[in-house]
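Residue-level structure breakdown
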Amino acid sequence: MPELPEVETIANGLNKRVAGDAIESVWVGSKPEPLKSSASEIARALEGSRIDRVQRVGKHIVFSLTGKDSQPSEFIVHLGMTGRMLVASPDAEVPPHTHLTAQLRSEKELRFVDPRRFGRLEVRQTKFAGPGTEPTNISVEAFAELFHRSKAPIKAALLNLKFLHGVGNIYADESLIRAGVRPRRRANTLTSAELKKLHTAVQKVLQEAIRAGGSSISDYVDADGEKGFFQFRHRAYGREGKPCLKCKTPIKKIVVGGRGTHYCPKCQK
DNA sequence: ATACCGACCTGTCAGC
DNA sequence: TGCTGACAGGTCGGTA
């Protein structure tokens, strides 16, 4: 569900609302699935610590903490497909599939809700860097270097975390239609001109989406419960059978790398 | 080494 | 109305 722009929107919203606050107590649900660290480890790291700031790294939300022992640590949240990290009033009804709640000194409550349980929670003492390169500020040279040897379809390569972390299914499709490149093209067959166009497209799509507050598909909302607006600017994703905004050719939907993939058969070569 | 594919979960929606 | 199957924004591990 959430890709880079959504996670960025959520992380910024959380930063505004809980940075400087302190965590007084933590409840972690009994189902172990969403945890990478153990429940007791998470509770121990969070309880009594101060939230210094919240930021995005890849598709992860990173809470920088100072513990009651004054030691720094990080609380890493991955939202998976359906995860939400909400700031709620403690007397607001606790939604189903809530796996963690953290009571804050300000009387607010931080809640992690994830029906599908693909999300992950982790605490660590070392700095979290993410698995790949940030797509938002990679140079065109580094971008080309990343892809020019891969034989995977370019769509699959864009989704590969070891290359770029943060480009998900929606923004891969949106980048490819803007760059005019077919999703099934092997990455190593892209010309340097195409790689350059794709690099520009990825950056623009992500920037625009961040400015719009992300894409709201079904139930995505940010930390304030607000929906994003980028879905109204999608040119490919979710537009199967609808006319291409440029040439009116119906958008096609296929499967690439096991993921639903949308493209314009005329504009994308 | 690389690329592909199923598995992990639950909810929703289309079709019968 | 109710059942079944396909599909969903992500990632990992096994297999070819």
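Data block above holds the structure.
To keep things clear, this report deals only with the structure shown in the data block.

About the thresholds
Residues numbered from 1 in each chain as written. Chains lettered and ligands numbered in written order. Predicted model: local features only at pLDDT ≥ 70, side-chain atom pairs only at ≥ 80, totals over all residues. Heavy atoms only, no water. Buried < 20%, exposed > 50% of the residue type's maximum accessible area, 1.4 Å probe, protein only. Helix = DSSP H or I, 4+ residues; strand = E, 2+ residues; numbered from the N terminus. Pairing = 2+ DSSP bridges. Axes fitted to C-alpha atoms, helices over the stretch in contact; angles between N-to-C directions. Phe/Tyr/Trp six-rings, centres within 6.5 Å; stacked < 30°, edge-to-face > 60°. Expected span 1.5 Å × (residues − 1).

1. Describing the pairing of strand S4 (residues 72-78)
- Extensive coverage of S4 is indicated by the burial of five of its seven residues.
- Note: strand S3 (residues 60-66) against S4, seven bridges, orientation antiparallel. Paired with phenylalanine 63 across the bridge in S4 is phenylalanine 75.
- Between the antiparallel neighbours S3 and S4 lie five residues, among them serine 70 with a positive phi of about 70°.
- Pairing analysis gives five bridges linking S4 to strand S8 (residues 120-124), with the strands arranged antiparallel. Each bridged residue has a counterpart across the sheet, and for histidine 78 the counterpart in S8 is arginine 120.

2. Topic: the sheet that holds S4
- Ordered by their spatial adjacency, four strands build an open sheet running S2-S3-S4-S8, and the pairing between neighbours is antiparallel. The open sheet is flanked by strand S2 (50-57) and S8, the only strands paired with a single partner. In this sheet, adjacent strand axes meet at a mean angle of 20° when their direction is disregarded.
- Note: S2 against S3, seven bridges, orientation antiparallel.

3. Some remarks on the packing of aromatic side chains
- One pass over the full model with this rule turns up four aromatic pairs.
- An aromatic cluster is present here, built from Phe143, Phe147 and Phe163 joined pairwise through their rings.

4. With respect to helix H1 (residues 4-18)
- The terminal C-alpha atoms of H1, which comprises 15 residues, lie 20 Å apart, in line with the 21 Å expected from a rise of 1.5 Å per residue.
- Counting buried positions along H1 yields eleven of 15 residues, so the element is predominantly enclosed.
- Positive phi shows up at glycine 20, right after H1, with a value of about 90°.

5. Focus on the sheet that holds strand S7 (residues 109-113)
- In space, the four strands of this open sheet follow the order S1-S6-S7-S5, with antiparallel pairing throughout. Strand pairing shows two members of the sheet lacking a second neighbour, strand S1 (23-28) and strand S5 (84-88), which therefore form its edges. Strand-to-strand twist in this sheet, taken as the mean axis angle between neighbours without regard to direction, amounts to 15°.
- Examined bridge by bridge, S5 and S7 share five bridges and lie antiparallel to one another. Across the sheet, the residue bridging to arginine 84 is valine 113, located in S7.

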